[in-house]
Amino acid sequence: MTHHTRATALAGALLAVAALLTAGPAQAATREARADTWLYLTVTKGSARTGAVRGTLLRCDPPGPHARATEACAELAVAGGDIGRIPAENVFCPMIYAPVTARALGRWNGRTVAFRETYTSACVMKARTRHVFAFDD
């Protein structure tokens, strides 16, 4: 083995060790952030004071128990956990006033989430929040 070949092999080994050392803490931090990602979601039909409330928990690692957890988690990941930044679907909703209030409380990658929005109908809510509040589909 020549000096150049040994030097190249040594450099490769050192790079591999450095990559392993730096990957460990990053992976641990990512696991901790995902473990601290959960939202309790509710939808209230009608008046916020007297309407019927439905709710569920959304976890993303692993996805569940929300019926559409995989889709909802993917949409939230693109929006950085901000429900208001989820791109709206381009759908036609009938102009029927049947208000619903959507709420989300929890954590997204260690950051507190407190979301509340009243929509003119469930159709508008679904168009604006996609799968996040579609937990009874």
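Residues numbered from 1 in each chain as written. Predicted model: local features only at pLDDT ≥ 70, side-chain atom pairs only at ≥ 80, totals over all residues. Heavy atoms only, no water.

Peer 1: Please explain the nonpolar core as it appears in this structure.
Peer 2: Side chains that are nonpolar tend, in soluble globular proteins, to be buried together. Core analysis: the largest hydrophobic core is formed by 25 residues, its most contacted members being Leu41, Leu58, Leu76, Ile83, Val132 and Phe133. Sorting the residues of this core by element identifies strand 1 (38-45), strand 2 (53-60), helix 2 (69-78), strand 4 (100-108), strand 5 (111-119) and helix 3 (122-129) as the ones contributing at least two each. For Phe133, the residues in contact, after removing those within four places along its chain, are Leu41, Thr42, Val43, Ile83, Ala102, Arg103, Ala104, Phe115 and Met125. (Core = buried A, V, L, I, M, F, W, Y, C linked by side-chain atoms within 4.5 Å. Buried < 20%, exposed > 50% of the residue type's maximum accessible area, 1.4 Å probe, protein only. Helix = DSSP H or I, 4+ residues; strand = E, 2+ residues; numbered from the N terminus. Contact = heavy atoms within 4.5 Å.)

Peer 1: Which parts of the structure should I look at to understand the state of the cysteines?
Peer 2: Simply put, disulfide is the name for a covalent bond between the sulfur atoms of two cysteines. One pass over the structure, following the stated rule, counts two disulfides. At a sulfur-sulfur separation of 2.0 Å, the disulfide partner of Cys93 is Cys123. Handedness here is read from the sign of the S-S torsion; for Cys93 and Cys123, about -80 degrees, the answer is left-handed. Of the two residues, Cys93 is situated in the loop between helix 2 and strand 4 and Cys123 in helix 3; the sequence distance between them amounts to 30 residues. For Cys93, a relative accessible area of 16% translates into the label buried. Each bonded cysteine in the protein chain gets a number by its place in the sequence, and the pairs come out as 1-2, 3-4. (Disulfide = S-S within 2.5 Å.)

Peer 1: Quick question: what am I supposed to make of the sheet that holds strand 1 here?
Peer 2: Remark on secondary structure: sheet strands pair via backbone hydrogen bonds, oriented parallel or antiparallel. Read from one edge to the other, the open sheet built from five strands follows the order 3-2-1-4-5, with strand pairing classed as antiparallel. Edge strands, defined here as strands with exactly one partner in the open sheet, are strand 3 (63-65) and strand 5. Averaged over neighbouring strand pairs, the angle between their axes works out to 15 degrees when direction is ignored. Here strand 4 pairs with strand 5 via nine bridges, running antiparallel. Paired with Ala104 across the two strands is Phe115, which belongs to strand 5. (Pairing = 2+ DSSP bridges. Axes fitted to C-alpha atoms, helices over the stretch in contact; angles between N-to-C directions.)

Peer 1: Any chance you could explain the side chain of Thr44 here in plain terms?
Peer 2: Within the element layout of this structure, Thr44 appears in strand 1. Among the residues examined, Thr44 registers a relative accessible area of 1% and is labelled buried. Among the polar contacts made by the side chain of Thr44, one reaches the side chain of Arg103 at a distance of 3.4 Å. (Polar contact = N/O pair within 3.5 Å; in protein donor to acceptor, adjacent residues only side chain to side chain.)

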